[in-house]
Amino acid sequence: MRARLAVQACGRQVQLREVVLRNKPQQMLDISVKATVPVLQLTDGAVIEESLQIMLWALQNNDPQQLLSPDKNKHEQMLVLIADNDGSFKHNLDRYKYGNRYENADPLQHRAAGLQFLQVLDGLLRQSAYLFGEQPSLADIAVFPFIRQFAGVDRKWFEQSVPKAVQSWLSKWLSSAEFGAVMTKYPAWNSEDPVVLFPEADS
Ligand SMILES: N[C@@H](CCC(=O)N[C@@H](CS)C(=O)NCC(=O)O)C(=O)O
């Protein structure tokens, strides 16, 4: 979702091939040993296998909303926050959400550890409407899809325990036109299908 958000924000179109993870197409396996989604193949054949790298590729090409240039030269701080999200927060999220898949993981302990990251977000959101200023940045669109997952595990607990500034920020993103547009469901790609462009020409 976050790769789609960045591609959408950069104003370029890509060909979209929806993958069902339990039935990965051979064409995907041929270009990516890692075989995770998202994966982007460029016209020169180069392959980008990490969602954050796809986001950076998109926005370094074209960044009309200046998502890479948050207020007050906070670019480095933004990348550090995203690394914390992708590292320890994602680790805790997976063990909270899918506790039964991890031996010896205590989901509630990982929920508590995840909450600490949300408190960091709260500190930022008490200062400005978005994580790094009054306008959205790469950090917002890189992080909120994970907070959405965290919220979805136990919505009641989330509403009671997570700082209100974080809840409002998340709600704003979930009701945004940008998020609505990337949540479109696509049928699984098949090599005989016509090309699907994302975003569609008129969006
Ligand atoms: N850090 C990677 C994580 C990619 C990842 O693990 N994606 C999952 C789906 S959300 C996946 O493709 N898993 C492979 C599988 O289940 O076979 C990224 O952000 O691109």
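## What about the overall build of the protein?
The number of helices and strands found in the protein is nine helices and four strands. The helix and strand sequence of the protein, counted from the amino end, reads α-β-α-β-β-α-α-α-α-α-α-α-β. Its C-alpha atoms give the protein a radius of gyration of 18 Å, near enough to 17 Å, the size a compact globule of 203 residues would have. With respect to the principal axes defined by its C-alpha atoms, the protein has extents near 50 × 45 × 30 Å. Split into buried and exposed, the 203 residues of the protein put 30% on the buried side. Expressed as a percentage of contacts within the protein between residues at least 6 apart in sequence, the contacts between residues at least 24 apart total 65%.

## A closer look at the domain arrangement of the protein
According to the domain assignment, the protein contains domain 1 (2-66 + 184-198) and domain 2 (71-179). Taken together, the eight residues of domain 1 in the interface contact eight residues of domain 2. Among the elements of the structure, α1 (2-10) and α3 (51-61) are those that each provide at least two residues to the side of domain 1 that touches domain 2. Residue contributions to the side of domain 1 that touches domain 2 peak at four residues, all from α1. Of the residues in the side of domain 1 that touches domain 2, the class split is five nonpolar, two polar and one charged.

## Quick word on unusual backbone geometry
Across the junction of V37 and P38, the peptide omega takes the value 0°, indicating a cis bond. You can see P38 is positioned in the loop between α2 (26-31) and β2 (40-41). In this chain, F198 is followed by P199 through a cis amide linkage whose omega measures -10°. As for its position among the elements, P199 is in the segment after β4 (197-198). The phi angle at A35 is positive, at roughly 55°, despite the residue not being glycine. Here the phi dihedral of Q66 falls at roughly 55°; this positive angle occurs in a residue that is not glycine. Examined against the element boundaries, Q66 turns out to sit in the loop between α3 and α4 (75-97).

## Details of the site of the ligand
Surrounding the ligand, one finds L21, T36, V37, P38, E50 and S51. For the shell around the ligand, the class distribution of residues is three nonpolar, two polar and one charged.

## Describing α3
Within the span of α3, buried status applies to S51, I54, M55, A58 and L59. In an axial view of α3, the angular spread of the buried residues amounts to 120°, which keeps them on one side of the axis. Of the exposed residues in α3, the ones pointing more than 90 degrees away from its buried face are Q60 and N61.

## Notes on the packing of α4 against helix α5 (residues 107-125)
Packing of α4 against α5 brings their axes to within 7 Å, and their N-to-C directions diverge by 150°. Between α4 and α5, the crossing angle belongs to the class labelled roughly antiparallel. Where α4 crosses over α5, the two elements pack in a sense that is left-handed. Together, D84, F89, N92, L93, R95 and Y96 of α4 and P107, H110, R111, A113, G114 and F117 of α5 make up the contact between the two elements. Partitioning the contact of α4 with α5 into residue classes produces six nonpolar, three polar and three charged.

Analysis parameters
- Residues numbered from 1 in each chain as written.
- Predicted model: local features only at pLDDT ≥ 70, side-chain atom pairs only at ≥ 80, totals over all residues.
- Helix = DSSP H or I, 4+ residues; strand = E, 2+ residues; numbered from the N terminus.
- Rg over C-alpha atoms; globule rule 2.2 N^0.38 Å.
- Buried ≥ 20, exposed ≤ 12 C-beta atoms within 10 Å, placed from the backbone.
- Contact = placed C-beta atoms within 7 Å.
- Domains from an automatic or database assignment.
- Nonpolar A, V, L, I, M, F, W, Y, C, P; charged D, E, K, R; others polar.
- Near = placed C-beta within 6 Å.
- Arc of directions from axis to C-beta.
- Axes fitted to C-alpha atoms, helices over the stretch in contact; angles between N-to-C directions.
- Parallel < 35°, antiparallel > 145°, perpendicular 65-115°, else oblique.
- Left-handed = near helix turned anticlockwise from the far one by under 90°.

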